[in-house]
Amino acid sequence: MPRDEIRVEPLTPTIGAVVEGVDLTRPLDDDTFAAINRAWMDHLVLFFRDQAMTPEQHLALGRRFGELHIHPAAPYAGGDPALMVIHADADSHRVNGERWHSDVSADEEPPMGSILHLHRVPSRGGDTCWSNMYEAYEALSPAMQAFLDPLTARHVANYEGYYGAHPPQREPPRAVHPVVRTHPVTGRKALYVNEGFTRRIVEISRRESRACLDFLFDHVQDVNFQCRFQWQANSVAMWDNRCTQHMAVWDYYPETRSGIRVTIKGDRPFR
Ligand code: SIN
């Protein structure tokens, strides 16, 4: 499909856009790829409807954006660890992404992006919310920004209770990253601490770190930085983990919500 048929409709002034006129089941030509990439950098999270992708097409889409990341512990589909299963039903005790997070930020080189395709959605609910970490940083006072800018934080993965008897792909990762990172493409600064993985700010005392992280975890959830997406079967969301956080709302128990995530490798965060 030629590039001029692509329409990008912002979901909020701050974050998220719905993209129409693109068929993700087919290889993206260079113009379409460039247009999607531009929209991605501008809106941080892109949404597509009615994309009946096969797992192979989903993998090909992910590979168009970079090498694929393997989740440390999640179950995968079709014998391919790059096809991470996102699934919740009446037997689930926990769900993926129920707390605000940036995907696997505990990796030394955390994923730059994720592409989620839902095949089955509950009759209502099961939305996902994303929050803009550029805005979260820019909303802080200059004094707070100056305090946070030089700091680093320890991120630790803990998947206990999430994946049942499924054997992990590797040890749960841990890493130290800047509290504020610079996006390698846009050059903008983004807050990079999240409730899912960040445990401790390294340069200050444990008590100071706790108070500071509590404040920041609350701050990143400000609705002014957010968008919320209502899924349909065959919706696709692709998000930039370097400048967003997300959380999946589990309000549909005992119904089933199911899909596949393909995740794209990223670089080591820098200041
Ligand atoms: C995740 O990848 O964190 C899960 C997102 C979702 O299920 O909406």
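As a starting point, this report considers the structure included with it. Just so you know, these numbers come straight off a predicted model, no measurement behind them. Every chain is numbered on its own, with residues counted from 1 as its sequence reads. Local features in this predicted model are restricted to residues of pLDDT 70 or higher, and side-chain atom pairs are both shown and tallied only at a pLDDT of 80 or more, whereas totals for entire chains, interfaces and linings draw on every residue. Hydrogens and waters are ignored; side-chain quantities use all the structure's heavy atoms.

When you line up the elements, T182 lands in strand 10 (residues 180-182). The class for T182 is buried, based on a relative accessible area of 13%. We call two N or O atoms a polar contact when they sit within 3.5 Å, provided that within protein one can donate a hydrogen and the other can accept it, with sequence-adjacent residues counted only if both atoms are side-chain atoms. Of the polar contacts made by the side chain of T182, one reaches the backbone oxygen of R271; its length is 3.1 Å. The residues touching T182, leaving out its near neighbours within four places in the chain, are G187, R188, K189, F270 and R271. The helix count covers DSSP runs of H or I at least four residues long, the strand count covers runs of E at least two residues long, and both are numbered beginning at the N terminus. The rule is simple: take the accessible area with a 1.4 Å probe, protein chains only, and divide by the maximum for that residue type; under 20% is buried, over 50% is exposed, in between is partly exposed. Contacts: residue pairs with any heavy atoms within 4.5 Å of one another.

Pairing between strands is defined by DSSP: at least two bridges between the two strands are required. As defined by bridge partners, strand 1 (residues 7-10) adjoins strand 2 (residues 17-20) across four bridges and the pair is classed as antiparallel. If you follow E9 over to strand 2, its bridge partner there is V18. Between strand 1 and the antiparallel strand that follows it, strand 2, lie six residues; G16 among them carries a positive phi value of about 95°.

In the vicinity of the ligand, the residues found are I86, G97, H101, D103, L116, T128, W239, H246, A248, R257 and R261. Between the ligand and the protein, one listed contact pairs an oxygen atom with a side-chain N or O atom of H101 at 3.0 Å. Contact between the ligand and R257: an oxygen atom at 2.8 Å from a side-chain N or O atom of the residue. Burial of the ligand by the surrounding chains reaches 99%, relative to a free accessible area of 260 Å². Listing elements by their share of the shell around the ligand, those giving two or more residues are strand 15 (244-248) and strand 16 (257-264). Note on terminology: near, applied to a residue and a molecule or strand, indicates that one of the residue's heavy atoms is within 4 Å of it. Values of accessible area rely on a 1.4 Å probe in the Shrake-Rupley scheme; residue burial ignores everything except the protein chains shown.

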